[in-house]
Amino acid sequence: MEVTARAPGKIILAGEHAVVHGYTAVASSIDLYTVFSIRLRSEDDDTVKLTLNDIGLDFSWSVRRIKEVLSHLGSPFSSTPTSCSLETIKSLATLVDEQSFPETKIGLASGVYAFLWLYTSILGFKPATVTVSSELPVGAGLGSSAAYCVSLSAALLALSDSVKLDVSQKGWSTFNETEAELVNKWAFEGEKIIHGRPSGVDNSVSTFGNVIKFKSGVMTRVNSNMPLRMLITNTKVGRDTKALVANVSARKSRHPDAMCSVLNAIEAISDEWSTIIQSHAVDDLYLSANEEKLGELMEMNQGLLLSMGVSHASIENVLQTSMKYKLASKLTGAGGGGCVLTLLPTHISGEVIDKLVEELGSFGFQSFTAGIGGKGVQISFDHSS
Ligand SMILES: Nc1ncnc2c1ncn2[C@@H]1O[C@H](COP(=O)(O)OP(=O)(O)O)[C@@H](O)[C@H]1O
Ligand SMILES: C[C@@](O)(CCOP(=O)(O)O)CC(=O)O
Ligand SMILES: [Mg+2]
């Protein structure tokens, strides 16, 4: 039997970075998915094979070798989500280094550590064939790391004794609330390995879907009543969430008072965002007034992100280009490159959007739209293999 789990990416509408320091963010799932498939092999077939399709890397460890390096931790280590210690990360790095990880892709190694940690923690030392593919750009602010950890945790838990699912179900099915909570907690432990200090907003929105408000580890569902449309522009400038989050923390310790004001202002923006999208538009006039307010909030949030040091020339380029069309934009995710959101109000014509997309394309950027606010993680079972 093969188990497949898919988890969506996300856009942060307001409050990225601030959320790491305990201030509110508002985020929504998008209908672009990361998909993990796991097929257990027979016990005498002593290998764990991992294929990372998006980054073109393959790994194959013997279960005996994994046991040798990690057996001091037990198997499976714990039925409750546990953090990976620095010492264990070193052991995981040994397992990855033995497979000659290409130097040019070394920034991607933490995803493989997260895989090994979640795999051995949840399933123990079992041989299997594992593949992952994603519709999300990796490392571009759309939460690929969270979708990776959520879909992996979901597929592993589906094969473990910790959750009891109906494996005869056909097509995609969802987890109940308690199971989803467990998936989310394990995914957070994986995100810690990739991000260093994640807030938990990305894995929560990927697990539970829809639009959420998130503050100090607590998620609240937001019932959006607005038809939100965003153009997502990938500047294709590579960046690393872990480094950007660490830079913001360093700036905060250098200028605690100034940063406190910036973070409070961002929280006010997030709160206003969630109030506006929950309100019911009584007529078109009311809707367009609300869209205008959201555009202003995006501009203000972007200005504050610039003051936190996470904007980038490529992001500023997208902002200026969209401004020519009187459209508001802000970076989404960690910034430093990656993706930018441009609000597409309901009155805007397809022609204008096409022109903007073409102009952004002339800089080498790639723009697209995605469905906002769909389901969270889902699972399916294939009995044919
Ligand atoms: N499909 C994938 N295949 C392999 N690694 C992935 C994949 N998706 C995410 N990752 C891991 O997540 C990291 C990117 O996470 P991050 O810097 O947080 O950016 P984002 O979450 O915005 O895409 C990569 O370096 C890699 O370790
Ligand atoms: C910057 C941050 O707020 C969001 C990071 O999102 P992404 O990894 O860039 O998709 C970090 C976090 O909340 O953990
Ligand atoms: Mg990430």
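Scoring rules and cut-offs
- Residues numbered from 1 in each chain as written.
- Chains lettered and ligands numbered in written order.
- Predicted model: local features only at pLDDT ≥ 70, side-chain atom pairs only at ≥ 80, totals over all residues.
- Heavy atoms only, no water.
- Domains from an automatic or database assignment.
- Contact = heavy atoms within 4.5 Å.
- Buried area = accessible area lost by both parts, 1.4 Å probe.
- Axes fitted to C-alpha atoms, helices over the stretch in contact; angles between N-to-C directions.
- Helix = DSSP H or I, 4+ residues; strand = E, 2+ residues; numbered from the N terminus.
- Parallel < 35°, antiparallel > 145°, perpendicular 65-115°, else oblique.
- Left-handed = near helix turned anticlockwise from the far one by under 90°.
- Nonpolar A, V, L, I, M, F, W, Y, C, P; charged D, E, K, R; others polar.
- Near = heavy atom within 4 Å.
- Polar contact = N/O pair within 3.5 Å; in protein donor to acceptor, adjacent residues only side chain to side chain.
- UniProt positions renumbered as here; feature names shortened; annotations may be inferred.
- Areas by Shrake-Rupley, 256 points an atom, 1.4 Å probe, with all protein chains shown as cover.

Asker: What is the right way to read the domain arrangement of the chain from this model?
Answerer: By a frequent convention, interface size equals the accessible area lost on bringing the separate parts together. Parsing the chain into structural domains produces domain 1 (2-220 + 373-382) and domain 2 (227-369). Summarising the inter-unit geometry, the C-alpha centres of domain 1 and domain 2 are found 27 Å apart. Residue-level contacts link 31 residues of domain 1 with 36 residues of domain 2. Contact with domain 2 buries surface across domain 1, with L13, H17 and Y23 losing the most and accounting together for 26% of the total.

Asker: Where do I start with the packing of helix α4 (residues 144-159) against helix α5 (residues 177-195) in this structure?
Answerer: When two helices pack together, you describe them by how their axes are tilted relative to each other and by the distance separating the axes. The interhelical angle for the contact between α4 and α5, taken along N-to-C directions, is 135°, at an axis separation of 8 Å. On the basis of their axis angle, the class for α4 and α5 is oblique. You can see that α4 and α5 cross each other, and the crossing is right-handed. For the pair α4 and α5, contact is made by S145, A146, Y148, C149, V150, S153, A154 and L157 and by L182, V183, W186, A187, G190, E191, I194 and H195, respectively. Its residues assigned to classes, the contact of α4 with α5 shows 11 nonpolar, four polar and one charged.

Asker: What's the story with the site of ligand 1 in this structure? I'm lost.
Answerer: The immediate surroundings of ligand 1 are formed by 21 residues, with G139, G141, S144, H195 and T241 found nearest. Within the backbone of G111, an N or O atom sits 3.1 Å from an oxygen atom of ligand 1. Where the shell around ligand 1 is concerned, the elements lending two or more residues are α3 (109-123), α4 and α5. Among the elements that line the shell around ligand 1, the one with the most residues is α4, at three residues. Residue composition of the shell around ligand 1, by class: eight nonpolar, 11 polar and two charged.

Asker: Would you explain the UniProt feature "domain: GHMP kinase C-terminal" (unreviewed entry) in the chain in this entry?
Answerer: Sequence positions flagged by UniProt for "domain: GHMP kinase C-terminal" (unreviewed entry) are, in local numbering, residues 292-353. Annotation note: span residues 292-353, helix share 52%, strand share 13%, distance between end C-alpha atoms 17 Å.

Asker: Where do I start with the site of ligand 2 in this structure?
Answerer: Every one of the 19 residues lining ligand 2 counts as a neighbour, but K10, S199, R239, T241 and A334 are closest to it. A distance of 2.7 Å is found between an oxygen atom of ligand 2 and a side-chain nitrogen or oxygen belonging to K10. For ligand 2, whose unbound accessible area comes to 380 Å², protein coverage reaches 98%. Contributing elements (two or more residues each) for the shell around ligand 2: β1 (2-14), α6 (201-208) and α7 (241-254). Counted by class, the shell around ligand 2 contains eight nonpolar, seven polar and four charged residues. Viewed by domain, the shell around ligand 2 spans two of them, domain 1 (2-220 + 373-382) and domain 2 (227-369), each represented by three or more residues.

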